[in-house]
Amino acid sequence: MKAVILAAGYGTRLQRDVLADTTGRFADLAHVAKPLLPVGRCPLSSHWIHALTVSGSVDTIYVVTNALYLRAFEEWATNFTNLQILSDQTTSNDDRLGAVACLQLAVKHFNIEDHVIVIGGDTLFKEDFSLRKVKERFSDLQSKCEDSCLVLSYQCKDEETQKYGILEADTDLCVLCMKEKPLPSETKSRRACPCFYVFSKRSLPLLDTFLEEKKDAPITEKDAPGNFVSWLIPRKPVYIQEISGRFDVGNLPSYVECDLYFKEKLQDIESYMV
C-alpha cells in the first residue's frame, strides 16, 4: 500500500490571518506551507510520516506540493528515507490544479498500481484514530470485495453540516451518498467526512474518468477531493471507519488551538495515530 499526502494548497486563509496579525507572535509562520507548520514538536506532516512508518501501513509515501513550496518540502524530506516529493508545477492559488488532479498526477508519475491512502496535508486526527485499525478494516473489506474503499467520519454539530461533506450510510456503514455542505434540515446525518481515504487499486483508473467528465467544469468541482468521493460512491462500495474528530488547520485560531493541544495535552506522541 502507498500513501499520498496532498500538500499543493496555498493556505490563503491562514496566510491572510498571519499577515494581518499585529502582535508579531506568528511572524515566523509567514509564507510557510500549512503541512509544514510546527505543530507541537515537529511539522504537521511529520506526524503523518512517523505514524505511517511506525504502523507499517505503507511502503512508500508520496507528497504532492507546488512549485512555490517545493524547495521547503525537499529540505524537510531529507529527514526521512521513505518519502518522495512531487511538484504540480503551479505557482499560485489562481492556477492550482486541484486536489483530485494532484492525486491523479501522483498516480501517473509514480506509476502507482496499489491501494492508496490519501491524506489531506492540513489534517490531523484525535487520539482514538489508528492507522493499524484502518488497515485492518480495509483488509477485511477487501477480503469480501476487492472494489471496496474506505473513508472516515465523525459526528459534527447541527450548525456545522454546511461546512463539510456529510455521509449518509446504512446499518453496515456502507455509504449511500455524500451531500456537500447541506443545511441541517436537508439530511438527518451528522457524519462529517474528512480528507482521509483508502482507495482500492481498482478505483484508481476512475480518477481519469472523473477528471475527463469534469474537464470543462470550474476548479471548485475538481479541487476538493470529496467531490471525487461523492462521484465514486454510486460506482464502487465505500465504507466508513468512525473516529471521534479531527484538527482542521484552516485559519490562525484553529492552528493555535491545534498547536496548543499538541504541546500541552497530547498523551503519547510516539503512538499517536499509529
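The following refers to the structure shown. This structure is a prediction, so every number in the text was calculated from the model and none was measured.

1. Regarding the nonpolar core
One finds W48, L52, I117, L124, F129 and F196 to be the most contacted residues of the largest nonpolar core, which totals 56 residues. A per-element tally of this core places helix α2 (residues 44-55) first, with five residues. Here W48 is in contact with I5, I119, G120, T123, L124, F125, F129, L131, F196 and M273, once residues within four sequence places are set aside. Of all hydrophobic cores here, the second largest spans 39 residues; its members include A8, V116, L167 and L173.

2. Looking at the packing of helix α6 (residues 206-213) against helix α8 (residues 225-232)
Interhelical geometry of α6 versus α8 gives an angle of 105° and a closest axis separation of 11 Å. With respect to their mutual orientation, α6 and α8 come out roughly perpendicular. Residue-level contacts link L206, L207, T209, F210 and E213 of α6 to N227, F228, W231 and L232 of α8. When its residues are assigned to classes, the contact of α6 with α8 shows six nonpolar, two polar and one charged.

3. Quick notes on the packing of aromatic side chains
Tallying each qualifying case throughout the model produces 20 aromatic pairs. Through pairs of rings, three or more aromatic residues link up here, namely Y197, F199, F210, F228 and W231. Looking at K126, its charged tip hangs above the ring of F247, at a distance of 5.3 Å from the centre. Note that R235 overlies the ring of W231, its terminal NZ or CZ placed 3.8 Å from the centroid.

4. Some words on the pairing of strand β6 (residues 116-120)
Counting buried positions over the five residues of β6 gives five, a clear majority of the element. Across the two faces of β6 the burial is the same, with V116, V118 and G120 and I117 and I119 all buried. One ladder, built from five bridges, connects strand β1 (residues 2-6) with β6; its direction is parallel. Counted as the bridge partner of A3 is I117 from β6. Examined bridge by bridge, β6 and strand β12 (residues 196-199) share four bridges and lie antiparallel to one another. Following the sheet pairing, V118 is matched in β12 by Y197.

Conventions we followed
- Residues numbered from 1 in each chain as written.
- Predicted model: local features only at pLDDT ≥ 70, side-chain atom pairs only at ≥ 80, totals over all residues.
- Heavy atoms only, no water.
- Core = buried A, V, L, I, M, F, W, Y, C linked by side-chain atoms within 4.5 Å.
- Buried < 20%, exposed > 50% of the residue type's maximum accessible area, 1.4 Å probe, protein only.
- Helix = DSSP H or I, 4+ residues; strand = E, 2+ residues; numbered from the N terminus.
- Contact = heavy atoms within 4.5 Å.
- Axes fitted to C-alpha atoms, helices over the stretch in contact; angles between N-to-C directions.
- Parallel < 35°, antiparallel > 145°, perpendicular 65-115°, else oblique.
- Nonpolar A, V, L, I, M, F, W, Y, C, P; charged D, E, K, R; others polar.
- Phe/Tyr/Trp six-rings, centres within 6.5 Å; stacked < 30°, edge-to-face > 60°.
- Lys NZ or Arg CZ within 6 Å of the ring centre and 35° of its normal.
- Pairing = 2+ DSSP bridges.

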